[in-house]
Structures are given as C-alpha cells and as structure tokens.
Amino acid sequence: MLALSIIFVGMAAVMTTAPEPAQAICCDDCCLCLTDTIPEDFVQWIQTALTINIYIWINLFLHQLIWFDITYWEQNMLPTFMHMGTQLSSVGMLQVMTIGKFMDAKEQLETQRLLQELHARASKDYHPSVGMCEFGTRITSLAASERKGEANALILNERSTDRFMGHVDTAAQSGVKGDVSVRLGRFQSQFCDTFDNGNGLYFMCPDLRAPQPGAVKNRFNKDIDYQRTIQNPWTIELDLTAGGNPSENDEEVVAMANNLYGFDSFDRIDSADLQNNPNDDVSNAQQAYLNFRAAVAKTKVAENSFNALMAMKGEGTAGSRAFIAAYLEELGIPASEIDLFLGVNPSYNAQMEILTKKAYQSPLFYTNLYDKPANVERKGVAMQAIGLIQKFDLLKSYLRTESSLSVLLELSVEKLQTEVEDNIRAFDTEGVTLKE
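Residues numbered from 1 in each chain as written. Predicted model: local features only at pLDDT ≥ 70, side-chain atom pairs only at ≥ 80, totals over all residues. Heavy atoms only, no water.

### Quick look at a nonpolar patch on the surface
Taken together, the side chains of Trp67, Phe68, Trp73, Leu78, Phe81, Met82, Met84 and Leu88 make up a nonpolar region of the molecular surface, amounting to roughly 760 Å² of accessible area. The class of Phe81 is partly exposed, set by a relative accessible area of 36%. (Patch = residues over 30% accessible without salt bridge, like charges linked within 9 Å, V, L, I, M, F, W, Y side chains within 5 Å. Areas by Shrake-Rupley, 256 points an atom, 1.4 Å probe, with all protein chains shown as cover. Salt bridge = Lys/Arg side-chain N within 4 Å of Asp/Glu carboxyl O. Buried < 20%, exposed > 50% of the residue type's maximum accessible area, 1.4 Å probe, protein only.)

### Details of the state of the cysteines
Enumeration over the complete set of coordinates arrives at one disulfide. The disulfide bridge from Cys192 ends at Cys205, spanning 1.7 Å between sulfur atoms. Across the S-S bond of Cys192 and Cys205 the torsion is about 90°, and the bridge reads as right-handed. Separated by 13 residues along the polypeptide, Cys192 in the loop between α5 (176–191) and α6 (196–199) and Cys205 in the loop between α6 and α7 (214–217) bring together distant segments of the chain. Like Cys192, the residue Cys205 is buried in the burial classification. (Disulfide = S-S within 2.5 Å. Helix = DSSP H or I, 4+ residues; strand = E, 2+ residues; numbered from the N terminus.)

### Things to note about unusual backbone geometry
The backbone of Asp169 sits at a positive phi, close to 70°, despite the residue not being glycine. With respect to the secondary-structure elements, Asp169 resides in the loop between α4 (142–165) and α5. In this structure, Asn221 is a non-glycine residue whose phi angle is positive, near 60°. With respect to the secondary-structure elements, Asn221 resides in the loop between α7 and α8 (226–231).

### Description of the nonpolar core
Counting residues in hydrophobic clusters, the biggest one holds 20 residues, and the most contacted among them are Phe135, Trp234, Leu328, Ile338, Leu342 and Ile354. Contributions of two or more residues to this core are made by α11 (321–330), α12 (335–342), α13 (348–356) and α15 (373–425). If you tally residues by element for this core, the top one is α13, at five residues. Once residues lying within four places of it in the same chain are set aside, the contact partners of Leu342 are Trp234, Thr235, Arg321, Ile324, Ala325, Leu328 and Ala350. (Core = buried A, V, L, I, M, F, W, Y, C linked by side-chain atoms within 4.5 Å. Contact = heavy atoms within 4.5 Å.)

### Some words on the environment of Glu248
Mapped onto the elements, Glu248 comes out in helix α9 (residues 248–260). What makes Glu248 partly exposed here is its relative accessible area of 46%. Sequence spacing of Glu248 and Arg219 is 29 residues, and the spatial spacing of their C-alpha atoms is 8.6 Å.

### Describing the packing of α5 against α9
Two elements in contact, α5 and α9, have axes whose closest approach is 12 Å; the angle formed by their N-to-C orientations is 135°. With respect to their mutual orientation, α5 and α9 come out oblique. In terms of crossing hand, the pair formed by α5 and α9 is left-handed. In contact with Arg183, Arg186, Gln190 and Phe191 of α5, α9 contributes Glu251, Glu252, Ala255, Asn258 and Asn259. Here the contact of α5 with α9 is built from residues that sort into two nonpolar, three polar and four charged. (Axes fitted to C-alpha atoms, helices over the stretch in contact; angles between N-to-C directions. Parallel < 35°, antiparallel > 145°, perpendicular 65-115°, else oblique. Left-handed = near helix turned anticlockwise from the far one by under 90°. Nonpolar A, V, L, I, M, F, W, Y, C, P; charged D, E, K, R; others polar.)

### What about the pattern of salt bridges?
The final tally for this structure, using the stated rule, is 16 salt bridges. With its nearest N and O atoms 3.1 Å apart, the salt bridge here joins Asp239 to Lys148. Placement of Asp239 in the loop between α8 and α9 and of Lys148 in helix α4 is noted, with a sequence separation of 91 residues between them. In this structure Lys148 comes out as buried when scored by relative accessible area, which is 15%. Between Glu248 and Arg219 there is a salt bridge, with the nearest N and O atoms lying 4.0 Å from each other. Of this pair, Glu248 sits in helix α9 while Arg219 sits in the loop between α7 and α8, placing them 29 residues apart in sequence. Through salt bridges with shared partners, a single network forms among Arg219, Lys222, Glu248, Glu251 and Glu252.

Quick look at the structure:
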C-alpha cells in the first residue's frame, strides 16, 4: 500500500513541473498550423485539476483500502455478518426443530387416534351380545342328544330283528301264537279302551271295566295313536340306554312298532328241517328260511325310518332344558304344556325346533339385531351353521326315502321276476317252448 502511494505522489510531482515553451504544431494533412503558445493559466488549471483528481483518487483508494476494507469491513461488518449468519442459522435450526416437533406431535396424535380407534373397534367387535350367546346356550347338548338318539335307534333295530328272528327272551321266540299272546296281554292291561268297537271290548278287558284314573285313560290306544304317541310331543321319554325297567313311553313306542312293522310275525321252522340234505343243495325249508330273511330285510328298511324318527324324538341329555323352557315361557306357552313338549331332557328334535323355528318367532330376536355389526354377522354365521345341520338331517331323510323307494321297486318287479323264473323252470326240453 505504501509503495503505491509513493508512485502516485511521484506522478503528481512530475505533472506539476513547469511546462516547456510552446512549439508549433503542424500536420501534413491540415492547412493550418498552430504556432501560438498555450497560456500558462490553462496549464496551471490543468496541473491543478490533475493534482486534485490524483489526490482525491489516492485518498479514496486509501480510504477504501484502509478504512473500508480493514476498519469498516474486516473489523466491524464482517464479524457482524458472521454473527448474524450464526444467529440466522441458529434461528433456522430452531425453526426446523419446531417444525419437526409439530410433525412429531402430528404423528403421535395420529398414532394415538389410530390406537384409540382400534381399541374402540376391538371393544365393539369382540364384545359378545346376549342374542349371540343364546345360540350357544340352545345348542349346548345337541350333539350329545343326537348321539343318544342314534343309540336308541340301534337298540330299537336290534330288538325288532331279534323279535323277527325269534330269539330267546323275546315275545316271538315260540312263534306267531306266542307273539300274539304277549301283545294281546299287554294291550288288555295298558291300551284297551272298553268303549271301542261299540263297547265290544268291555268283556275283553276285564281289568279296565271299572272307572280308571286319568293317568290310565291317557294311555288308551296309544299303541296305535300316532299323533298322541309320536307326532305331538317334541320329546318322547324314550331312553333304552339306561337299562332297568322300561318306562311307559318305552312300552308305547315298542307296541306301536310291533303294530306298524311285523304285526304278524313268522312261524318258527323246525331246526331238523334246516339240516343239510346231501341229495339236495337247498331244501324247501332252507329256501323258505331265505325267503323269510328277505322279507325281514325289506321290513327293516321301512322300519328304519320309524327308528330314525324315534332317535330324533327320544329323550336327550341334560344341558339346555332350563334355557329352552324359559324361552318358551317368554313366547307365552304355559308351563304345563312346556313339560309335555320338552319332557325331562329335551330331545334332538326339540332343540332343532327351537333353533330353526321358535327362535325366529320372538320379537326380541329382531330387536336384538340392532346390535354391533360384528355381532350381527356372527348371528348370520350361526344361522348358516344351523342351516347346515338341518340340511344334513334332510339328506339323511332323503337317503331313507331312497332306500324305501328302492325296496318298493324291488317288490314291484318281484312278481315279474318270479314269472320269468317259473318259465325257465318249466322249459320244455323236447318241444323247446316256454310256458305261456
């Protein structure tokens, strides 16, 4: 800086020295020639102007270099701007932190709201309603009752088979007369109504001539009255799995089965007649016995439907009786009739009656549909499950009907089959003709 100042000062000193004498100034291309001298005042003015300008320039340069660059900028403004930049950076970071806090708060609040929504939804969706619990209560002993009914049907089937086959300790072990004698004695002592047949049974049933209490009268003709014995009650107190002495309902069901299927049992074939004959592959007695078994098989197909009905209406297991009784009372059915319908332990048929029909006759079922959507969907699924159970029952019924129709078809073509077999046996080997 100092060297530059000295150079500028020297230049000013040179320019301020005395001027040389004026000389003529000519030009080859001009017709004029300046021969006059320049005035000293003008030269002095020029020198003064140059001196002032150089001085001002030097001072401005020094002012910029020394004061502005060093004093003003480096010592004052630059630190100030640096502090300002630091301050602005700090403020900017603080603002960014504030914005970040707002973003964190937003995410936190949204997360809390989502958790609260999920909690409310879970509380709503997983809170079972009373109407939903009713399905589970009604179906408590359904499977056990069905299984017990199947056991009753099996026992009824075995009892009927033993009776047809004349097993020991059955009414028909001695043949038709013994079976009729046992059945007649039971009819006279339990089911005989002396007013039937125009009072014609008065002398046939001496034990029932005197006026009888209501309990005895209620059993009159129950061995043939399908509506009172089978159809009306939802539950028949039929329990053949318990053993011991049979109940009145057991006797009535067995008596009706005897009247409906195999009302006339078969005579017993002497065992000696069933012995193998070395001269004949099949004896007449053996053929008759096979025909007898074929007839029993056809009868058992028809009786299977009756046994299946007894399985559904037979007494079930304990579990849902109290709830079903309370539900029927809510529908307005008297308690005395409820006992007649349900019995001690509701049957499979009684429980299905409630699940598939009575449950939808109550206004409370429809008012309870004003419930949480999840519970309404659960009720729909429960109803679909009950519908599947009912469809399986219908399938079993269709299979039994198909079996019965198959037997009817077999009986229809049996006569034609017999005629064909007779024609084959009557084949005339000499004339090669068939019997018309």
